[in-house]
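# Observations on the three-dimensional arrangement
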Amino acid sequence: MAERQKSCAQDSTITEIFFRTSGRINRWRYFMRRMILAVLTYIFLFVGYKVLGYEYGQVTTAAGIYNGVISIIFLVPIFCLTVRRLQDMNKGKLLAIVYAIMQITMAFSDLTFTDFKYMDSAFSYFLLTLATFSMMLDMYFMISPGTYGKNKFGANPLDFKKVTKIENKVDLTKATDK
């Protein structure tokens, strides 16, 4: 019983919340944590663009590099959350790796578009298709239900409250029997 509680215990530190790849995470926690990361990413990008600026409506090279670096930094916790979400759906890490490659490609796309002469290129249409597919994957991760019950990656994260209540009752029963 203690093993089951450990596998679906709540995350308590920032490292466990955003940087752990073992175990499972349900849809709601995945959604909320992704929204936190999105807000933080946009705050960092907004500050960076204000400091590094635009030149006549175009992103400066420094701002494009900054955008790429910030996107890669925030990709690490997004990748970890995605791995845990896929494990909840009883899928492996391969889809998460494909997703990460798509995100890295899009993160450095701003370097290409610092000069608008590339906007009508085949590469820009490729990036648009990649961004669309990435958003569709995000929706799939947020909407698709996890595996009911225990799977090879651990206990159902929705069973946490039930397990805790059962173990508390067992502990109370043992305490009163003595």
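Structural data are supplied above this passage.
Note that the structure is predicted; figures quoted are calculated from it, not measured. Here the residue numbers are simple positions, counted from 1 along each chain's written sequence. Note on the predicted model: pLDDT of at least 70 is required for a residue's local features to be given, and 80 or more for side-chain atom pairs to be given and counted; whole-chain, interface and lining totals, by contrast, use all residues. Processing note: side-chain calculations cover all non-hydrogen atoms of the structure and skip hydrogens and water entirely.

Going along the chain from the N terminus, every DSSP run of H or I of four or more residues is numbered as a helix, and every run of E of two or more is numbered as a strand. Scanning the chain from terminus to terminus reveals eight helices and two strands. When the helices and strands of the chain are read in sequence order from the N terminus, they spell out α-α-α-β-β-α-α-α-α-α. Burial here depends on accessible area, computed with a 1.4 Å probe over protein chains only, as a share of the maximum for the residue type. Under 20% is buried, over 50% is exposed, and the range in between is partly exposed. The proportion of buried residues among the 178 residues of the chain is 38%. Whether two residues touch is decided by their heavy atoms; if any such pair falls within 4.5 Å, the residues are in contact. Partitioning the contacts of the chain with sequence separation of at least 6, the portion at a separation of at least 24 is 75%. Looking at the chain as shown, the accessible area adds up to about 11,100 Å², and 67% of this sits on carbon and sulfur atoms. Here the accessible surface of atoms and residues is derived via Shrake-Rupley with a 1.4 Å probe, and residues count as covered only by protein chains that are part of the display.

The next point concerns the packing of helix α5 (residues 94-107) against helix α7 (residues 122-143). For the pair α5 and α7, the least separation of the axes is 10 Å and the interaxial angle reads 140 degrees. Judged by the angle between their axes, α5 and α7 are oblique. Two packed elements cross with a definite hand, and for α5 against α7 that hand is left-handed. On the side of α5, the interface is formed by Leu-95, Tyr-99, Met-102, Gln-103, Thr-105 and Met-106, while α7 contributes Phe-126, Leu-127, Leu-130, Ala-131, Phe-133, Ser-134, Leu-137, Asp-138 and Phe-141. Only Asp, Glu, Lys and Arg are considered charged in this grouping, and only Ala, Val, Leu, Ile, Met, Phe, Trp, Tyr, Cys and Pro are considered nonpolar; every other residue, Gly among them, is considered polar. Residues that form the contact of α5 with α7 fall into these classes: eleven nonpolar, three polar and one charged. Every axis in this analysis is a line fitted to C-alpha atoms, fitted for helices over the stretch in contact. Angles between the N-to-C directions lie between 0 and 180 degrees. Small angles under 35 degrees read as roughly parallel and large ones over 145 as roughly antiparallel, with 65 to 115 read as roughly perpendicular and the rest as oblique. In this scheme the crossing of two helices becomes right-handed for a clockwise turn of the near helix relative to the far one and left-handed for an anticlockwise turn of less than a right angle.

What follows concerns the pattern of salt bridges. Side-chain pairing between opposite charges can occur once the charged atoms of the two side chains come close. What makes a salt bridge here is a side-chain nitrogen of Lys or Arg within 4 Å of a carboxyl oxygen of Asp or Glu, nothing more. With the rule as written, the count across this model stands at three salt bridges. Two residues, Asp-88 and Arg-24, come together in a salt bridge whose shortest N-O distance is 2.8 Å. Here Asp-88 is found in helix α4 (residues 61-88), whereas its partner Arg-24 is found in the loop between α2 (14-18) and α3 (27-52), with 64 residues between them in sequence. With its nearest N and O atoms 2.5 Å apart, the salt bridge here joins Arg-85 to Asp-88. With a gap of three residues between them, Arg-85 and Asp-88 both fall in helix α4, about one helical turn apart. For the pair shown, Arg-85 and Asp-88 are each scored as buried. Through salt bridges that share partners, Arg-24, Arg-85 and Asp-88 make up one connected network.

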